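# Analysis of the macromolecular model
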Amino acid sequence: FQRTRWHTMSQSLLDNWSDEGCAAAISEAAASPADPSAPNPLKVVLHDLSSAVVRGALEPERLVTVLSDAALVDRALLPRVQSDLADIFWFLGLRIEAEKSDEDGDGAPKQQLLALVAALLQAELVAPELLKARLDPEMLQEAGLVASHADFHRAQVRLNTRALYTQQKYNLLREGSEGYSKLVTELAELPAGPRDGTSTRGCTRAAEVVANVQSLIGYFDLDPNRVLDLVLEALEAVPSRASHRSLVELFNPQYLPHVLGFKFQFYKGEAEATPLSLYALCGLLLKQGAVELEQVLPHLEPSLPKLREMHAADVARQVA
């Protein structure tokens, strides 16, 4: 009922447009009590208006005129309107891409959406920083907010890695050195194969080591990111241990590509070459499906565009 009510209001507004009527609909929707079981009224109205722009039924300037007039729309509503519009632009961008077919050669819906985004940016009704946080990199490039969506995505991944996974702890005594020493000892007990004789206590089941590692993390309150780094070191030293997937599965799979990528970035610009064992470990994790190639590529050098340039130059040199 609520969805139909606000949709009907939006449709009526589009059939008989007036700036005052649009402002009244936005204000009424914003003041409507929130119902967790129903769509947000303000988002419904803004979505219908934005969809009308995408269809070409409403000029972007009309919506911008209403939102920019302080006498029509209370300035206190602007933060909510901006946030909702950013979500709506993201959703409409996905919908346009999903509905795109080979017959759609002009790309009119996408151009209409970009025109609306540009008009709101010019009127300073939507902050560029907000759009950069919500929209896809490809759409940001098309809107002129970033120069290259590939470079923006790569920088985003590296920024997240530095912010979340760079270790900034220097006092080993305060890091629970006993816990880490026990962790390293336990990782050395991980069987490397069915007839492995490296275990000092005769451990033949990986489940025993995995359970002990989990207990050590909880008992000594160890940093999961650093534990994951040590686990990867152990697997890199003895690649056959990577077959014990349950050990890697202890950790959040979203963190694994960042920690692995950070290990690659460590050797960037260093005199020491990246060890082959690290490439072998990465290959094993890719084969097992623990990480995806697209998640690792942003951390590697040279970048894909640079590789294409190098390949083209190499081909040209061979032809010459």
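Above this text you will find the structure in question.
Structural notes, computed from the coordinates. Remember, predicted model here, so these are calculated numbers, not experimental data. (Residues numbered from 1 in each chain as written. Predicted model: local features only at pLDDT ≥ 70, side-chain atom pairs only at ≥ 80, totals over all residues. Heavy atoms only, no water.)

For the protein, the count of helices and strands is 17 helices and 0 strands. For the protein, the residues scored as buried account for 38% of the 320 residues in total. Taking contacts inside the protein between residues at least 6 apart in sequence as the whole, the part at least 24 apart equals 67%. In the form shown here, the protein has an accessible surface area of approximately 18300 Å², with 54% of it arising from carbon and sulfur atoms. (Helix = DSSP H or I, 4+ residues; strand = E, 2+ residues; numbered from the N terminus. Buried < 20%, exposed > 50% of the residue type's maximum accessible area, 1.4 Å probe, protein only. Contact = heavy atoms within 4.5 Å. Areas by Shrake-Rupley, 256 points an atom, 1.4 Å probe, with all protein chains shown as cover.)

Another point: the environment of L78. Among the secondary structure elements, L78 is positioned in helix α5 (residues 78-99). C-alpha of L78 to C-alpha of V126: the two residues are 48 residues apart in sequence and 8.8 Å apart in space. Other than its neighbours up to four places away in sequence, L78 contacts L67 and L125.

As a further point, take the nonpolar core. One finds L49, F89, L120 and L131 to be the most contacted residues of the largest nonpolar core, which totals 50 residues. Where this core is concerned, the elements lending two or more residues are α1 (2-15), α2 (19-31), α3 (41-55), α4 (60-68), α5, α6 (108-122), α7 (128-134) and α8 (137-142). Counting residues in hydrophobic clusters, the runner-up holds 32 residues, among them L190, I217, F264 and L285. (Core = buried A, V, L, I, M, F, W, Y, C linked by side-chain atoms within 4.5 Å.)

The next subject is the packing of α2 against α4. Here α2 crosses α4 at 65°, and the two axes come no closer than 10 Å. α4 is crossed by α2, and the crossing has right-handed handedness. Along the contact surface, α2 presents D19, C22, A23 and I26, while α4 presents L63, T65, V66 and L67. When the residues that make up the contact of α2 with α4 are grouped by side-chain class, the tally is 6 nonpolar, 1 polar and 1 charged. (Axes fitted to C-alpha atoms, helices over the stretch in contact; angles between N-to-C directions. Left-handed = near helix turned anticlockwise from the far one by under 90°. Nonpolar A, V, L, I, M, F, W, Y, C, P; charged D, E, K, R; others polar.)

For the rest of this paragraph, the subject is the packing of aromatic side chains. With the rule as written, the count across this model stands at 3 aromatic pairs. Measuring from centroid to centroid gives 4.9 Å for Y219 and F220, while their planes differ by 80°, and the two rings are edge-to-face. Take Y219: its relative accessible area is 68%, and that puts it in the exposed class. Considering the side-chain rings of F264 and Y279, the 5.5 Å spacing of their centres and the 50° angle between planes classify their relative orientation as tilted. Here Y279 lies in helix α15 (residues 276-288) and F264 lies in helix α14 (residues 256-266), a separation of 15 residues in the sequence. Y279 sits in the partly exposed class, given a relative accessible area of 43%. In this structure, R226 is placed above the aromatic ring of Y180, and the distance from its NZ or CZ to the ring centre is 4.7 Å. (Phe/Tyr/Trp six-rings, centres within 6.5 Å; stacked < 30°, edge-to-face > 60°. Lys NZ or Arg CZ within 6 Å of the ring centre and 35° of its normal.)

Here the focus is the pattern of salt bridges. For the structure on display, the rule yields 10 salt bridges. With a shortest N-O distance of 3.3 Å, K263 and D229 are connected by a salt bridge. Linking K263 in helix α14 with D229 in helix α12 (residues 224-237), this pair joins segments that are 34 residues apart in sequence. Residue classification places K263 among the buried residues on the basis of a relative accessible area of 8%. Of the charged contacts, one joins E301 and K268 as a salt bridge, the two residues approaching to 3.6 Å between their closest N and O atoms. Taken together, the residues E301 in the loop between α16 (293-296) and α17 (304-319) and K268 in the loop between α14 and α15 connect sequence positions 33 residues apart. (Salt bridge = Lys/Arg side-chain N within 4 Å of Asp/Glu carboxyl O.)

End to end, helix α11 (residues 206-219) covers 20 Å across 14 residues, agreeing with the expected 20 Å (1.5 Å per residue, within 8%). Among all positions in α11, only A206, V209, V210, V213, L216 and I217 are buried. End-on view of α11: buried residues confined to an arc of 125°, all on one side of the axis. Pointing more than 90 degrees away from the buried face of α11 are the exposed residues G218 and Y219. Along its buried surface, α11 packs onto α10 (177-188), α12 and α13 (245-248). Two residues or fewer after α11 comes D221, characterised by a positive phi angle close to 55°. (Expected span 1.5 Å × (residues − 1). Arc of directions from axis to C-beta.)

To continue, consider the packing of α12 against α15. α15 packs onto α12 with a crossing angle of 105° between their chain directions and a minimal axis gap of 9 Å. Relative to α15, α12 is oriented roughly perpendicular. Across from L232, L235 and E236 in α12, the residues of α15 making contact are S277, L278, L281 and L285. Broken down by class, the residue content of the contact of α12 with α15 amounts to 5 nonpolar, 1 polar and 1 charged. (Parallel < 35°, antiparallel > 145°, perpendicular 65-115°, else oblique.)

Turning our eyes to something else, we now look at α3. Look at α3: 21 Å from first C-alpha to last across 15 residues, which is about the 21 Å you get at 1.5 Å a residue. Counting buried residues in α3 gives 13 out of 15 residues, a clear majority hidden from the surface. Taking the backbone nitrogen of L42 as reference, a side-chain oxygen 3.0 Å away marks N40 as the first, capping residue of α3. Of the residues one or two after α3, G56 is the one with positive phi, at around 85°. (Polar contact = N/O pair within 3.5 Å; in protein donor to acceptor, adjacent residues only side chain to side chain.)

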